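Residue-level structure breakdown
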Amino acid sequence: MNLILLGPPGAGKGTQAKLIAARHGIPHISTGDIFRAAIAEGTPLGRQAKEFLDRGALVPDEIVIGIVTERLGAADCRPGFLLDGFPRTIPQAEALDRYLAATGRALTAVLALEVGEEVLIRRLGGRRVCRTCGAPYHIETNPPREEGRCDRCGGELYQREDDRPATVRERLRVYEAQTRPLLAYYEERGLLKRIRAEGGIEEVDAAIQRVLAGGGRRG
Ligand code: AP5
Ligand code: MG
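Rules behind the numbers
- Throughout this description, residue numbers start from 1 for each chain and increase along the sequence as written.
- Each chain is given a letter, starting from A, and each ligand a number, starting from 1, according to the order in which they appear as written.
- Totals for whole chains, interfaces and linings use all residues, but because this is a predicted model, local features are given only for residues with pLDDT of at least 70 and pairs of side-chain atoms are given and counted only at 80 or more.
- Side-chain measures here rest on the full set of heavy atoms in the structure, leaving out hydrogens and waters.
- Any pair of Phe, Tyr and Trp rings, taking the six-membered ring for Trp, is counted once the centres come within 6.5 Å. Such a pair is stacked with planes under 30 degrees apart, edge-to-face with planes over 60 apart, and tilted for the rest.
- Categorising residues by exposure relies on relative accessible area from a 1.4 Å probe, with only protein chains included: less than 20% of the type maximum marks a residue as buried, more than 50% marks it as exposed, and the intermediate range marks it as partly exposed.
- We call a charge positioned over a ring when the NZ of a Lys or the CZ of an Arg lies within 6 Å of the ring centre and within 35 degrees of the ring normal.
- Axis angles are defined between N-to-C directions and span 0 to 180 degrees, where every axis is a line fitted to C-alpha atoms and, for a helix, only to the segment in contact.
- By the criteria applied, helices consist of DSSP H or I runs no shorter than four residues and strands consist of E runs no shorter than two, each listed in order from the N terminus.
- Throughout, the term roughly parallel applies to angles under 35 degrees, roughly antiparallel to angles over 145, roughly perpendicular to angles from 65 to 115, and oblique to all others.
- Take the far helix as the reference: if the near one is turned anticlockwise from it by less than a right angle, the crossing is left-handed, and if turned clockwise, right-handed.
- Contact criterion: two residues are considered in contact whenever any of their non-hydrogen atoms come within 4.5 Å of each other.
- Each residue is assigned to one class: nonpolar for Ala, Val, Leu, Ile, Met, Phe, Trp, Tyr, Cys and Pro, charged for Asp, Glu, Lys and Arg, and polar for all the others, Gly among them.

1. Describing the packing of aromatic side chains
- Enumeration according to the criterion identifies one aromatic pair in this entry.
- Ring geometry for Y185 and Y186: centres 5.0 Å apart, planes at 85 degrees, overall edge-to-face.
- Judged by relative accessible area, which is 7%, Y185 ranks as buried.
- With a relative accessible area of 0%, Y186 lands in the buried category.
- Here the guanidinium or amino end of R131 rests over the ring plane of Y158, the centre of that ring lying 4.4 Å away.
- When the ring centre of Y185 is taken as reference, the NZ or CZ atom of R189 above it lies at 3.6 Å.

2. Description of the packing of helix 1 (residues 13-24) against helix 9 (residues 201-213)
- Between helix 1 and helix 9, whose axes approach to 10 Å, the crossing angle comes to 50 degrees. Accordingly, the angle class assigned to the pair helix 1 and helix 9 is oblique. Seen along the crossing, helix 1 lies across helix 9 with a hand that is right-handed. Here helix 1 contributes T15, Q16, L19, I20, R23 and H24 to the contact with helix 9, which in turn contributes I201, V204, D205, I208, Q209 and L212.
- Residue classes in the contact of helix 1 with helix 9 are distributed as six nonpolar, four polar and two charged.

Structure below.
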């Protein structure tokens, strides 16, 4: 199963991706998590990416495409993969199409999580993330069992730099301008599955399971 999770900042991509990846035994590839890990480690990629993430801007296409195609070449992606946060521009989507065609693979489906702006702002405002494994929590809707500690790995929870209100507004603007056009791109290719994602985490998970059980092209 070769899947893409599309959706605006705060739509629940990371939250749902962890559930889908565990259920189907496929790797969850989040470009945002890759950049945050590189920034934390202070690698050259991290130093390059930081200025873009801090502003809520997109990292240049050629950097992201290189990272994702290298990751998709790893052995654990052979049975399938779940991309979260990539592609985010039409050139990224075209590069992914070319790469998959060249390696004899195809997308199974593109799941688009649909959430209104007011809910997105509430979700991002209360989000806390694990410094160690990246698992997302929310102080009201999805709190950890112990305050400030990750349920999965015991790591420390923190608030993302780009979850400050001014940066959230910029990320939403960038989504509308650069990423929303991908909905039409995948609709034209018969791959788009729209999912109403304003309900609770389990409700959205159930909707995704229904869509995946109902088919989509096989990859
Ligand atoms: P990235 O990390 O991908 O951020 P994003 O797309 O803005 O999305 P988020 O991670 O903020 O939200 P999410 O949809 O994962 O929501 P979550 O599950 O956490 O990218 C960050 C940056 O990296 C970009 O700005 C850019 O600079 C760079 N970048 C990344 N990819 C790139 C690319 N391809 N090209 C160029 N640059 C790139 O949930 C949010 C909150 O809501 C949590 O608190 C969660 O607990 C809660 N929640 C989730 N679901 C529900 C629910 N159903 N009900 C109630 N609460 C919920
Ligand atoms: Mg995320």
